[in-house]
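# Topology and contacts: notes
Single-letter residue listing:
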Amino acid sequence: MYNEKTMLQNTVLRIEGFEMIAPPIIVCNENHRFMAAEQLREINIDPLAIILEPIGRNTAPAIALAAFKAMKHEKDPILLVLPADHVIEKVMDFHAAIRAGIKEAEKGNLITFGIIPDSPETGYGYIKKGDLLESGTGASKIEKFVEKPDLATAKKLFDSGSYCWNSGMFMFKASEIIKELETHAPDIMMPCKGLIEAGVQDLDFLRLSREGFQDIPSDSIDYAVMEKTSKGIVIPFKAGWNDLGSFDALWQAGKKDESMNVIKGDVLTHDVKGSYINSESSLIAAVGIEKFVIVETKDAILVSPRDRVQDVKKIVKQLKDHNRNEIVSHRKVYRPWGSYETIDAEHRFQVKRITVKPGAKLSLQKHFHRAEHWTVVSGAATITRGDEEMLLKEDESTYIPLGTLHRLENPGKIPLELIEVQSGSYLGEDDIVRFDDVYGRKKD
């Protein structure tokens, strides 16, 4: 997080108040669906759609999916494509760039927003500006794209004054990007069209066929279209932009103390300089370090020099190679009814904190391998246990024997918090049989 809002929330709120803006289309991995939906609910945003990707396939397929979905709701809308990992300090300047982009998109151009650089940066790709258009929008033809350079090359690009950083933000008519995908990347465009047509609505989400999606090539919109099209233009702007793609970028964008540290959460320091330290749940004490990143979450702790933090991908590879659980799951898991968080786990028991939103209820279900003990710590719960129905208040508890049909519901106006102790021979989340579910789920 850059501030008290999540990056997704900041991205959506950044265009709040802009005239003629439609509800957003969110494209995310299916494993993040409840997290994304909850974050939008917290800021009172009702999206046009949340499209679920079964697996990651980069930005070209994601944009194709959004374009086809948008055209189902409007004849030919202009799309503004925004990654959810940016900081833009001067929002009004950003809005001015969007207005310029609309004028160019209406003419059929494909716009990328370039950031006017203030330093020779090696962490971003670059765009070389070509001939300036006579439209008065400040737009130029795109002459070429440049991959992330080494420092010597970055200095030359910066000194020339002819290059912008590639922000990864785009604007175009839905019909125009579909035409260009059809020309330059038909192996992406055609399957995406079919997937949207065959998509299944599941609660707030549009589910796509995993079998069809996994065969789509993984490619960025830059490679698939923008580097090949004759319609590409760049609109430069400068609005306090930062791509929060790394923890070092979070340090650069964050508010620093007198020792140039960015500190978040419960942190104590002595003789610490130029570091980014973020604690989610535990006290971090740091002594005698300089230019470090320390991040503590309930899942894991990361410690790295700031200039080595990109090597975290090598740790991710080790996690995958060792089939570590951390690569696929978090201690806190979001569900349509609320969330649960694993507090402790051993061979034959685990303890969870369960939060149920007001008016929400879990499925009517049973387990073959575990029993459950529930203790309400805040709010009230309506419990179905076999043929019984009971109301539990704070400091009251109940026992759900193995194999017993049961359901949990929050009838109140405040979140229900309870502690669940599971015990049995198998405690996996797949030990569940649902008999009735208001969310239409069978497994998750």
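Here's what I pulled together on the structure shown here. (Residues numbered from 1 in each chain as written. Predicted model: local features only at pLDDT ≥ 70, side-chain atom pairs only at ≥ 80, totals over all residues. Heavy atoms only, no water.)

## Focus on the overall build of the protein
- What the protein contains, in helices and strands, is eleven helices and 29 strands.
- Relative to the 2.2 N^0.38 estimate, which gives 22 Å for 444 residues, the radius of gyration of the protein is 25 Å and therefore close to what a compact globule would have.
- Along the longest, intermediate and shortest principal axes, the C-alpha atoms of the protein span 75 × 60 × 40 Å.
- Put simply, the protein has 444 residues, and 46% of those count as buried.
- Here the analysis covers contacts within the protein between residues at least 6 apart in sequence; of these, 67% occur between residues at least 24 apart.
- For the protein, the accessible surface area stands at approximately 22900 Å², while carbon and sulfur atoms represent 50% of it.
- Side-chain charges in the protein split into 58 positive and 68 negative, and the spacing between the mean points of these groups amounts to 2 Å. (Helix = DSSP H or I, 4+ residues; strand = E, 2+ residues; numbered from the N terminus. Rg over C-alpha atoms; globule rule 2.2 N^0.38 Å. Buried < 20%, exposed > 50% of the residue type's maximum accessible area, 1.4 Å probe, protein only. Contact = heavy atoms within 4.5 Å. Areas by Shrake-Rupley, 256 points an atom, 1.4 Å probe, with all protein chains shown as cover. Lys, Arg positive; Asp, Glu negative; His and termini not counted. Charge placed at Lys NZ, Arg CZ, Asp CG, Glu CD.)

## Points about the packing of helix 3 (residues 59-71) against helix 6 (residues 174-184)
- Running from amino to carboxyl end, helix 3 crosses helix 6 at an angle of 135°, the nearest separation of the two axes being 9 Å. Considering the angle they form, helix 3 stands oblique to helix 6. Of the two possible hands of crossing, helix 3 and helix 6 adopt the one that is left-handed. On helix 6, the residues touching Ile-63, Ala-64, Ala-67, Phe-68 and Met-71 of helix 3 are Ala-174, Ser-175, Ile-177, Ile-178 and Leu-181.
- Classifying every residue of the contact of helix 3 with helix 6 gives nine nonpolar, one polar and no charged. (Axes fitted to C-alpha atoms, helices over the stretch in contact; angles between N-to-C directions. Parallel < 35°, antiparallel > 145°, perpendicular 65-115°, else oblique. Left-handed = near helix turned anticlockwise from the far one by under 90°. Nonpolar A, V, L, I, M, F, W, Y, C, P; charged D, E, K, R; others polar.)

## Digging into helix 7 (residues 186-198)
- For helix 7, spanning 13 residues, the distance from its first C-alpha to its last is 18 Å, which sits close to the expected 18 Å at 1.5 Å a residue.
- Of all the residues in helix 7, the buried ones are Ile-188, Met-189, Cys-192, Leu-195 and Ile-196. Buried residues of helix 7, seen end-on, are gathered within an arc of 135° and therefore sit on one face of the element. Facing away from the buried side of helix 7 by more than 90 degrees, the exposed set consists of Glu-197 and Ala-198.
- Buried residues along helix 7 sit in contact with strand 2 (49-53), helix 3, helix 6, strand 10 (205-207), helix 8 (210-213) and helix 9 (221-226). (Expected span 1.5 Å × (residues − 1). Arc of directions from axis to C-beta.)

## Observations concerning helix 2 (residues 33-42)
- Among the ten residues in helix 2, seven count as buried, and that is most of the element.
- Considered for burial, the residues of helix 2 that qualify are Arg-33, Phe-34, Ala-36, Ala-37, Glu-38, Gln-39 and Leu-40.
- Turning to helix 2, the residues buried within the fold contact helix 1 (7-13), strand 1 (25-29), strand 2, strand 10 and strand 19 (332-335).
- Directly after helix 2, the chain includes Asn-44, whose backbone phi takes a positive value near 60°.

## Some details on the layout of surface pockets
- As a volume, the second largest pocket reaches approximately 380 Å³.
- Lining the second largest pocket are 22 residues, with Ala-37, Glu-38, Ile-50, Asp-204 and Phe-205 sitting closest to its centre.
- Within the residue set of the lining of the second largest pocket, elements represented by two or more residues are helix 2, strand 2 and strand 19.
- Sorting elements by how many residues they give to the lining of the second largest pocket places helix 2 first, with five residues.
- Within the lining of the second largest pocket, the residues separate by chemical class into 13 nonpolar, two polar and seven charged. (1 Å grid on protein atoms, 1.4 Å probe; cavity = no way out; pocket = protein on both sides within 12 Å on 5 of 7 lines; lining within 4 Å. Points joined across faces, edges and corners; volume = space filled by probe spheres on them.)

## As for the sheet that holds strand 2
- Here we have four strands laid out as an open sheet, ordered 1-2-10-9, and mixed in their pairing. With one partner strand each, in any of the chains shown, strand 1 and strand 9 (200-202) form the two edges of the open sheet. Neighbour-to-neighbour, the strand axes of this sheet turn through a mean angle of 30°, independent of strand direction.
- Direction of pairing for strand 2 relative to strand 10: parallel, over a ladder of three bridges. When the bridges of strand 10 are listed, Ile-51 appears paired with Leu-206.
- Helix 3 rests against strand 1, strand 2 and strand 10 of the sheet, and its axis sits at about 145° to strand 2. (Pairing = 2+ DSSP bridges.)

## Here we look at the side chain of Ser-279
- Within the secondary structure, Ser-279 sits in strand 15 (residues 276-279).
- Polar contacts involving the side chain of Ser-279 include one to the side chain of Glu-296, which spans 3.3 Å.
- In this structure Ser-279 touches Lys-264, Gly-265, Asp-266, Val-267, Ile-284 and Glu-296, once residues within four positions along its chain are discounted. (Polar contact = N/O pair within 3.5 Å; in protein donor to acceptor, adjacent residues only side chain to side chain.)

## Notes on the packing of aromatic side chains
- Applying the stated criterion across every chain, the model contains eight aromatic pairs.
- Residues Phe-34 and Phe-205 carry aromatic rings whose centres are separated by 5.6 Å and whose planes lie at 70° to one another, so their mutual orientation is edge-to-face. Placement of Phe-34 in helix 2 and of Phe-205 in strand 10 is noted, with a sequence separation of 171 residues between them. Taken individually, Phe-34 and Phe-205 each receive the classification buried, so the pair is uniform in this respect.
- Seen in terms of ring centroids, Phe-247 and Tyr-276 are 6.2 Å apart; in terms of plane orientation they differ by 35°. Their pairing is tilted. Here Phe-247, found in helix 10 (residues 247-253), pairs with Tyr-276, found in strand 15; they are 29 residues apart in sequence, far enough to count as distant.
- An aromatic cluster of three or more residues is present, and its members are Phe-94, Phe-113 and Phe-237.
- When the ring centre of Trp-251 is taken as reference, the NZ or CZ atom of Lys-256 above it lies at 4.6 Å. (Phe/Tyr/Trp six-rings, centres within 6.5 Å; stacked < 30°, edge-to-face > 60°. Lys NZ or Arg CZ within 6 Å of the ring centre and 35° of its normal.)

## Looking at the sheet that holds strand 23 (residues 370-378)
- Here we have six strands laid out as an open sheet, ordered 19-20-21-28-23-26, and antiparallel in their pairing. The strands lining the two open edges of the sheet, one partner per strand, are strand 19 and strand 26 (397-400). Within the sheet, the average angular offset between the axes of one strand and its neighbour, ignoring direction, is 20°.
- Pairing geometry for strand 23 and strand 28 (residues 416-424), over eight bridges, is antiparallel. Directly across from Trp-374, in strand 28, lies its bridge partner Glu-420.

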